[in-house]
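Each chain is listed here by its residues.
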Amino acid sequence: MTEELPPVPSRNLPLSARAPGKCIVFGEHAVVHGAPELAFAVDLMTQVFVTPGSVSRLNADAGAEMHNPYFRAALELFWKGRPPVEVRAISRVPRAAGLGSSAAFTAGLAAVLSSATGGVDRATLAQRSFEVERTAQGVGSPGDTSTVVAGGFVAVNGGRGEPIWTIAAPDHRWEVRRVDDPGWVWVIAYSGIPRSTADAVRAVSARLAAAGGSELLEEFRRVATEGIDAVDRGDRPKVAMLLERNQELLREVGVSHPRLEALLEAAKPAAEGAKLTGAGAGGSVIALPVPGKETELVRRLARAGALPFVVRPTRDGATLVEG
Ligand code: MEV
């Protein structure tokens with residue numbers, strides 16, 4: 001049975017919405033080319049407040065439409081010809097860290113603008129959020145935006161049962177399904193090195209189009225498919241092993257970084273498995289702690305110079321904040 005996710009109701013400005021961050025467990029980059037991905041929403045929230053204004057501004061910046069491509073794309077696609085809006089965004093997600101700050105901002109803003117223009121169902125909110133991100137970045141998959149819109153664990157082009165929605169672009173279609181949360185604690189750690197998702201996606205796309213690329217994509221596909229199945233069954237040793245294998249593949253397509261490798265090395269004694277998460281080339285790592293060694297893992301990552309978070313997946317997707 002298809003899950004019924006609550007729609008975004010029709011309301012008038014001023015409005016506020018919040019959306020979680022996200023963390024990719026398996027399949028980043030390959031998902032852009034139609035392979036499976038597994039991600040979950042993390043309880044690091046972004047809140048977006050929108051009021052009518054005299055000029056459209058983001059966090060008091062009247063030039064934001066020029067230099068923030070997400071803000072520009074959202075207004076262009078879903079607010080064209082309407083009165084200016086004053087937007088304020090507050091986030092607990094570090095920017096350009098691979099933890100979904102742009103997807104959360106996009107989904108929160110899309111939720112508010114959609115609510116103020118008559119409301120939408122959740123599948124439409126997911127499609128709209130993807131269109132904003134894709135317009136802003138020029139490349140990419142709907143993995144991030146669908147995860148922050150749905151909340152919980154989400155498989156793209158993988159998993160069992162009916163899709164909760166399908167996202168379309170001229171080059172691909174991606175089916176999005178729920179996966180049960182195995183209830184594990186995860187640790188993520190930001191390296192402090194910001195990076196551009198679009199640049200990393202283009203570099204990996206070039207690598208996958210070169211000799212040996214289709215074999216690599218096939219291996220990404222296998223790892224993510226088995227990874228989704230292992231999470232579904234709660235098979236920790238298999239998940240840990242596949243995290244390590246996924247990292248080897250990401251290294252091979254050139255998106256690891258010496259700082260990330262140093263963090264993965266530091267994590268080893270307290271982690272069952274670990275890899276980079278998100279676009280890589282900087283950004284963050286995700287680790288599955290050895291049970292009972294969560295604090296030690298956090299300490300090790302902090303000592304190695306990262307900003308670690310103990311995270312639990314959250315069921316809360318992007319939602320209007322009412323009342
Ligand atoms: C970025 O969080 C994930 C990538 O796979 C890009 C995308 O899916 O749009 C690298």
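Residues numbered from 1 in each chain as written. Predicted model: local features only at pLDDT ≥ 70, side-chain atom pairs only at ≥ 80, totals over all residues. Heavy atoms only, no water.

Draft legend 1. Up close: the environment of Val55. With respect to the element layout, Val55 can be found in the loop between strand 2 (37-52) and strand 3 (57-58). The exposure class assigned to Val55 is partly exposed, which follows from its relative accessible area of 44%. Note: C-alpha distance between Val55 and Ala210 (155 residues apart in sequence) is 47 Å. Among residues more than four places away in sequence, those in contact with Val55 are Ala62, Pro84, Val85 and Glu86. (Helix = DSSP H or I, 4+ residues; strand = E, 2+ residues; numbered from the N terminus. Buried < 20%, exposed > 50% of the residue type's maximum accessible area, 1.4 Å probe, protein only. Contact = heavy atoms within 4.5 Å.)

Draft legend 2. Molecular detail of the packing of helix 7 (residues 213-233) against helix 8 (residues 236-252). Direction vectors running N to C along helix 7 and helix 8 enclose 155°, while the axes themselves pass 10 Å from each other. Taken together, the axes of helix 7 and helix 8 are roughly antiparallel relative to one another. Remark: the crossing between helix 7 and helix 8 carries left-handed chirality. Contact with helix 7, carried on its side by Leu216, Glu219, Phe220, Arg222, Val223, Glu226, Gly227, Ala230 and Val231, involves Lys238, Val239, Leu242, Arg245, Asn246, Leu249, Leu250 and Glu252 of helix 8 and no other residues of that element. Partitioning the contact of helix 7 with helix 8 into residue classes produces 9 nonpolar, 2 polar and 6 charged. (Axes fitted to C-alpha atoms, helices over the stretch in contact; angles between N-to-C directions. Parallel < 35°, antiparallel > 145°, perpendicular 65-115°, else oblique. Left-handed = near helix turned anticlockwise from the far one by under 90°. Nonpolar A, V, L, I, M, F, W, Y, C, P; charged D, E, K, R; others polar.)

Draft legend 3. The domain arrangement of the protein chain, seen in detail. Looking at the protein chain, the domain boundaries give domain 1 (15-180) and domain 2 (186-311). Domain 1 and domain 2 are separated by 22 Å when their C-alpha centres are compared. Contact residues are listed per partner, giving 36 residues for domain 1 and 40 residues for domain 2. When the two sides are added together, the surface that domain 1 and domain 2 hide from each other amounts to roughly 3,000 Å², 70% of it contributed by carbon and sulfur. For the domain 1 face of the interface with domain 2, the top three residues by lost area are Phe26, His29 and His33, together amounting to 23%. Where domain 1 meets domain 2, there are 2 salt bridges. Scanning the region where domain 1 abuts domain 2 turns up 10 residue pairs in polar contact (both at pLDDT 80 or more). For the side of domain 1 that touches domain 2, the secondary-structure elements that each account for two or more residues are strand 1 (15-26), strand 2 and strand 5 (153-156). Grouping the constituent residues of the side of domain 1 that touches domain 2 by class yields 20 nonpolar, 9 polar and 7 charged. (Domains from an automatic or database assignment. Buried area = accessible area lost by both parts, 1.4 Å probe. Salt bridge = Lys/Arg side-chain N within 4 Å of Asp/Glu carboxyl O. Polar contact = N/O pair within 3.5 Å; in protein donor to acceptor, adjacent residues only side chain to side chain.)

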